[in-house]
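# Commentary on secondary and tertiary structure
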Amino acid sequence: MARRILAALAIAAAPVLLSAPAATASADAQSVATDCQPDDTTACVAVMVLDAENERIPDVDLTVAGAGGFSETVTTTADAPVSIAVPEVGRYTVTIDPATLPADTPLPEGAPTEVEVTAQTGGTARAAFRVGAGAAAPSTPTATATQDAGGGTAGDPAAPDAEGVGAAPEGDASKRALTWGQVWQQFGSGIRFGLLLALASIGLNLIFGTTGLSNFAHGEQFALGAALGFIFINQMGMPIVAGALVTIALCALTGLAQDAGIWRPLRRRGTPIMQLMIVTIGLSIALQYLIQLLIGGGSERILQTNPRPLTLLGVTLSTASWLSMVVALVCIIGIAWFLTRTRIGQATRAVSDNPALAAATGIDPDKIVRIVWIMATSFAALAGLMWGISYGAFNWQLGVQLLLLMFAAVTLGGLGTAFGALVGSILIGLVVELSNLVIQSDLRYASALVILILVLLFRPQGILGRRERIG
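What comes next is a walk through the structure. (Residues numbered from 1 in each chain as written. Predicted model: local features only at pLDDT ≥ 70, side-chain atom pairs only at ≥ 80, totals over all residues. Heavy atoms only, no water.)

This part is about the pattern of salt bridges. Counted under the stated rule, the structure contains four salt bridges. Residue Arg264 pairs with Asp366 through a salt bridge whose shortest N-O separation is 3.9 Å. Of the two residues, Arg264 sits in helix 4 (residues 240-268) while Asp366 sits in helix 9 (residues 365-390), which places them 102 residues apart along the sequence. Residue classification places Asp366 among the partly exposed positions, given a relative accessible area of 21%. (Salt bridge = Lys/Arg side-chain N within 4 Å of Asp/Glu carboxyl O. Helix = DSSP H or I, 4+ residues; strand = E, 2+ residues; numbered from the N terminus. Buried < 20%, exposed > 50% of the residue type's maximum accessible area, 1.4 Å probe, protein only.)

Structure representation (structure tokens):
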């Protein structure tokens, strides 16, 4: 066991240890100076006009209009964005007056004269227009909208929105000098990533252990938790705890309905596993578009307020992230206690080990599988909900984006073993976040899959899996 733990730690640290020292990056990021200071009751909108070289253009009039008939015209300055307080959260339209632009920096032909931003309590929504020669290049948008939390720092004020699944989380250091502080920050982010991934992956592994089925629709159960959380908490205004409980209950019912309506009849007919896997792929596609129908095709936020940073043990994450990590850890410990200390948990392990022998001892495999489906969909929903809260935003493709990482985690840890899913998920989380120190953040998921391939070449059964005996 000690050798396995040492090997696991070596795998997690490989992206950093094998990399060359990073070049020192320029510290050109600076705090966004604004007139409006966001707090728990205030939402701000900042506006600016930039040329192709990111130089601010002064003396340009812009109008901010939105909720409740609010409308205010502001004039840009050369040294900082101009920020105003808006009366309530919601969408606001920022319109530029082309007549006030300098003659040598006109608005590009066909460029939009307005851009929409979403104001959130405790944060500053920023709108930027690009003008002048070169501003209409395909790689340079002429109007963008970004969001940053109050009191934070910002780099390029016209950068596209960095929130969502594909964005690097807190502590992204792929473009900075490599220091031990950044390594420790990414280590903390990796633990967060791994705990949330483990909470979803354990259900996937339990389903495989009891039925032998690789459920390709499990990622959509993860995304469904985030989508329902958005509907109940953001749209319907339910308290977070109440919305979370309703979300988990509904997703648990989807697991019960799936087993009763699809998987149990197919098991009784003796449908081969390969055909069952194809059914899960079809179910995955159907659920993807159902989620898109529910929340739309854009990125959404479960909480209306922006995240507040909290530093513990030298790691800075949002307060919601720390709470999510605690909840995930408690749930994982609860699953471990359930599997090892309760009769149903022991029966689940028996069915996973040998369904025929478990049935001969009086265990009802169908009942155990039904319980496993309910547990798997419940924990996937909880993980998806906390993921959406921790990372600030999500979209309808959240499930398919993380499904391969779930499979990588359970395969790395050991297929069919609940504790293997935990170990594999933590390692995947660490590899993903630590590799972000030395490679572009868009490639960090690929690094986890490369590590998976390398490990399986030497230990196909995974870290905690048992080698199958032949003969």
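With that out of the way, let us pick up the nonpolar core. Counting 90 residues, the largest nonpolar core has Phe193, Leu199, Trp387, Leu402 and Ile428 as the members making the most contacts within it. Ignoring any residue separated from it by four or fewer positions in sequence, one finds Ile428 in contact with Leu197, Leu405, Ala408, Ala409, Leu412 and Ala448. Counting 26 residues, the second-largest nonpolar core is a separate cluster that includes Val49, Phe70, Leu101 and Ala111. (Core = buried A, V, L, I, M, F, W, Y, C linked by side-chain atoms within 4.5 Å. Contact = heavy atoms within 4.5 Å.)

Within the chain, Asp59 stands out as a residue other than glycine whose phi angle is a positive 60 degrees. With respect to the helices, strands and loops of the structure, Asp59 is situated in the loop between strand 1 (43-50) and strand 2 (61-66). Taking relative accessible area as the criterion, Asp59 reaches 56% and is therefore assigned exposed. Positive phi, normally seen in glycine, also occurs at Leu313, with a value near 55 degrees. Note on placement: Leu313 falls in the loop between strand 9 (309-312) and strand 10 (315-318).

In this structure, strand 9 lies alongside strand 10, joined through four bridges in antiparallel fashion. Across the sheet, residue Pro309 finds its bridge partner in strand 10, namely Ser318. Hairpin connection from strand 9 to strand 10: two residues lie between these consecutive antiparallel strands, with Leu313 at a positive phi of about 55 degrees. (Pairing = 2+ DSSP bridges.)

Right, let's get into the packing of aromatic side chains. Between two aromatic rings, the relevant description is the distance of the centres plus the angle of the planes. Per the counting criterion, the structure on display carries nine aromatic pairs. Arranged with centres 5.5 Å apart and planes meeting at 10 degrees, the rings of Trp184 and Phe187 form a pair that is stacked. Here Phe187 and Trp184 lie together in helix 2 (residues 180-211), a separation of three residues that amounts to about one turn. Residue Trp184 is classed as partly exposed on the basis of its relative accessible area of 41%. Phe187 sits in the partly exposed class, given a relative accessible area of 31%. Measuring from centroid to centroid gives 5.9 Å for Phe222 and Trp387, while their planes differ by 70 degrees, and the two rings are edge-to-face. (Phe/Tyr/Trp six-rings, centres within 6.5 Å; stacked < 30°, edge-to-face > 60°.)

What follows concerns the pairing of strand 7 (residues 123-130). Taken residue by residue, a regular strand's side chains alternate between the two faces of the sheet. With eight of eight residues buried, strand 7 is to be regarded as a mostly interior element. Residues Gly123, Ala125, Ala127 and Phe129 of strand 7 are buried on one face, and the alternating residues Thr124, Arg126, Ala128 and Arg130, pointing to the opposite face, are buried as well. Two elements, strand 1 and strand 7, share seven bridges in a ladder whose sense is parallel. Bridging from a neighbouring strand, Val45 pairs with Ala125 of strand 7.

We now examine helix 4. Here helix 4 is 29 residues long and its end C-alpha atoms lie 40 Å apart, about the 42 Å a rise of 1.5 Å per residue gives. At Asp259, helix 4 is bent by approximately 40 degrees, the largest bend along its length. Along helix 4, the positions that sit buried rather than exposed are Gly243, Ala244, Thr247, Cys251, Ala252, Gly255, Gln258, Asp259, Trp263 and Leu266. In the segment just after helix 4, Gly270 is the residue with positive phi, at about 75 degrees. (Expected span 1.5 Å × (residues − 1). Bend = angle between axes of the 7 residues up to and from the residue.)

Turning our eyes to something else, we now look at a nonpolar patch on the surface. Residues Trp184, Phe187, Leu310, Leu312 and Leu313 make up a contiguous nonpolar surface patch of roughly 480 Å² in combined accessible area. Among the secondary structure elements, those contributing two or more residues to the nonpolar patch are helix 2 and strand 9. (Patch = residues over 30% accessible without salt bridge, like charges linked within 9 Å, V, L, I, M, F, W, Y side chains within 5 Å. Areas by Shrake-Rupley, 256 points an atom, 1.4 Å probe, with all protein chains shown as cover.)

The topology assignment puts Asp51 in the loop between strand 1 and strand 2. Buried charge without a salt bridge: Asp51, with Arg130 as the nearest opposite-charge side chain at an N-O distance of 6.2 Å. One polar contact links the side chain of Asp51 to the main-chain amide nitrogen of Glu55, over a distance of 2.8 Å. What Asp51 contacts, discounting residues up to four positions off in sequence, is Ile57, Arg130 and Val131. (Lys, Arg positive; Asp, Glu negative; His and termini not counted. Polar contact = N/O pair within 3.5 Å; in protein donor to acceptor, adjacent residues only side chain to side chain.)

For the pair formed by Asp59 and Val74, sequence separation is 15 residues and the distance between their alpha carbons is 9.2 Å. If near-sequence neighbours (up to four positions away) are discounted, Asp59 is found in contact with Thr75, Thr76 and Thr100.

Turning to the sheet that holds strand 2, a few remarks are in order. Judged by pairing direction, the sheet is antiparallel, and its four strands sit side by side in the order 3-2-5-6 without closing on themselves. Every interior strand has two partners, whereas the edge strands, strand 3 (71-75) and strand 6 (114-119), have only one. Here the average twist between neighbouring strands, direction ignored, is 25 degrees. (Axes fitted to C-alpha atoms, helices over the stretch in contact; angles between N-to-C directions.)

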